[in-house]
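Understanding the architecture of this molecule
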Amino acid sequence: MANRDIALPGGDRMPLVGLGLWKVPRPAAAALTEAAVSAGYRHLDCACDYGNEAEVGAGVRAALAAGACRRGELWVTSKLWNTYHAPQHVRPAAERTLHDLGLDYLDLYLIHFPIAQQFVPFERRYPPGWFADPGDPRPRVRFASVPLHETWRAMEDLVTSGLVRNIGVCNYNTALLRDLLSYARVLPAVLQVELHPYLTQPKLVRFCHEAGIEVTAFSPLGALSYVPIGMAAAGESVLEQPVVRAAAARHGRTPAQVVLRWGVQRGTAVVPKTSRPERLAENLALFDFELTAEEVAAISGLDRGRRFNDPGVFGEEAFNTFCPIYD
């Protein structure tokens, strides 16, 4: 069976299964976070842009106060939003996240997108989101000319200062990773990208593993998070695929557990999101069964290059701005 955590280059160990906090409503976030930690989760995947870090922090404090675990046993990831890419804004953004979460340090801090937007002051709007000015008759995304290497230098300073233990990136391709590795003094510990059986990205995953970068899969169950917001069709659920359902029947597991186990066996961490307490235990119970090589291959064979989270699509549809990062 796979280990329950994965060693990062600096020696820290990141739990392979985390709770994704994207789209968790603020009123529910504190109770869900406390329930997750109490149920055994030791990995929380947060972001400024999710708009619920203060509530997540309240849930963390409640769980720690109840003795569910110690802070040192909990892995907390957050992400630098696009409007804070300029070097002078990186530390204040991290400090605001730490304040909201009620923590002294982050285990992992990621550049959320390789997209720099114009700065929005904290006092004007937080989290700032995608629009430069939501009050415009036709609001748009406004970009900023900030080189990614300048943002990374400021991220490295967070490690030096002790605010952050590990740094990494989200939504990078191999070309951007090659460029990053050419100048990084603190190497990226983790790449977080969309990965599921419809989007397996084998070359990207292999490149990361050969370069010593660990990989976290967001949206590891595919379409489920995107159907309610109109970014996927109900018929696109990988959980209904015959090879997934057959493996679930053979192992006495749910289709979701099979897909998450497939992700873990590929050597990636997974951060499924759920708002249902009964799903918390189910999504965590992945380490007492193992898919066969044939099952893994069959599920990988479902790959169709289907990316649900693509700013080159949703940017124009939702934010009136063409914003591609994938060719």
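Scope of this entry: the structure provided in the associated data block. What you see is a predicted model, and the numbers here were worked out from it, not measured in a lab. (Residues numbered from 1 in each chain as written. Predicted model: local features only at pLDDT ≥ 70, side-chain atom pairs only at ≥ 80, totals over all residues. Heavy atoms only, no water.)

Along the backbone of the chain there are 11 helices and 10 strands. The C-alpha atoms of the chain give 19 Å as radius of gyration, which agrees with the globular expectation for 327 residues (20 Å, within 12%). Taking the principal axes of the C-alpha coordinates as reference, the chain spans close to 55 × 45 × 40 Å. Split by element, the accessible area of the chain, about 13,600 Å² in all, is 51% carbon and sulfur. Of the charged side chains in the chain, 33 are positive and 35 negative, and the gap between their average positions amounts to 1 Å. (Helix = DSSP H or I, 4+ residues; strand = E, 2+ residues; numbered from the N terminus. Rg over C-alpha atoms; globule rule 2.2 N^0.38 Å. Areas by Shrake-Rupley, 256 points an atom, 1.4 Å probe, with all protein chains shown as cover. Lys, Arg positive; Asp, Glu negative; His and termini not counted. Charge placed at Lys NZ, Arg CZ, Asp CG, Glu CD.)

Taken as a whole, this structure holds 13 aromatic pairs when the rule is applied. Judged by centre distance (5.0 Å) and plane angle (15 degrees), the rings of Y84 and F122 are stacked. On the criterion of sequence distance, the pair formed by Y84 in the loop between β5 (75-80) and α3 (87-101) and F122 in the loop between β6 (108-111) and α4 (148-161) is long-range, its members being 38 residues apart. Where F119 meets F122, the ring centres are 6.4 Å apart and the plane angle is 75 degrees; that geometry is what we call edge-to-face. (Phe/Tyr/Trp six-rings, centres within 6.5 Å; stacked < 30°, edge-to-face > 60°.)

Residue Y126 is joined to P127 through a cis peptide bond whose omega torsion reads -10 degrees. In this structure, P127 sits in the loop between β6 and α4. With a phi angle near 70 degrees, K23 is a residue other than glycine that sits in the positive phi range. Examined against the element boundaries, K23 turns out to sit in the loop between β3 (19-20) and α1 (26-39). The phi torsion at N320 lies on the positive side, around 60 degrees, for a residue other than glycine.

A separate point is the state of the cysteines. Using the criterion set out here, one finds 0 disulfides in the structure. Among the cysteines around C69, which has no disulfide bond, C46 carries the closest sulfur, lying 13 Å off. In this structure C69 comes out as buried when scored by relative accessible area, which is 7%. Of all cysteine sulfurs, the one in C170 lies closest to C208, which takes part in no disulfide; the gap is 12 Å. (Disulfide = S-S within 2.5 Å. Buried < 20%, exposed > 50% of the residue type's maximum accessible area, 1.4 Å probe, protein only.)

Put simply, helix α2 (residues 53-65) and α3 touch, their axes get as near as 7 Å, and they point 45 degrees apart. One element, α2, and the other, α3, form an angle in the oblique class. Contact residues: E53, A54, V56, G57 and R61 in α2; T97, D100 and L101 in α3. When grouped by side-chain class, the residues that make up the contact of α2 with α3 number 3 nonpolar, 2 polar and 3 charged. (Axes fitted to C-alpha atoms, helices over the stretch in contact; angles between N-to-C directions. Parallel < 35°, antiparallel > 145°, perpendicular 65-115°, else oblique. Contact = heavy atoms within 4.5 Å. Nonpolar A, V, L, I, M, F, W, Y, C, P; charged D, E, K, R; others polar.)

In this section: the side chain of N283. Mapped onto the elements of the fold, N283 is located in helix α9 (residues 277-284). Leave out the neighbours within four places in its chain, and N283 touches V17, Y41, L260, P272 and T274.

The next point concerns the packing of helix α5 (residues 174-183) against helix α6 (residues 202-211). It is at 10 Å that the axes of α5 and α6 come closest, and there the two elements cross at 15 degrees. Taken as axis vectors, α5 and α6 run roughly parallel relative to one another. Seen along the crossing, α5 lies across α6 with a hand that is right-handed. Facing α5, whose interface residues are T174, L177, R178 and L181, α6 presents L204, F207, C208 and A211. (Left-handed = near helix turned anticlockwise from the far one by under 90°.)

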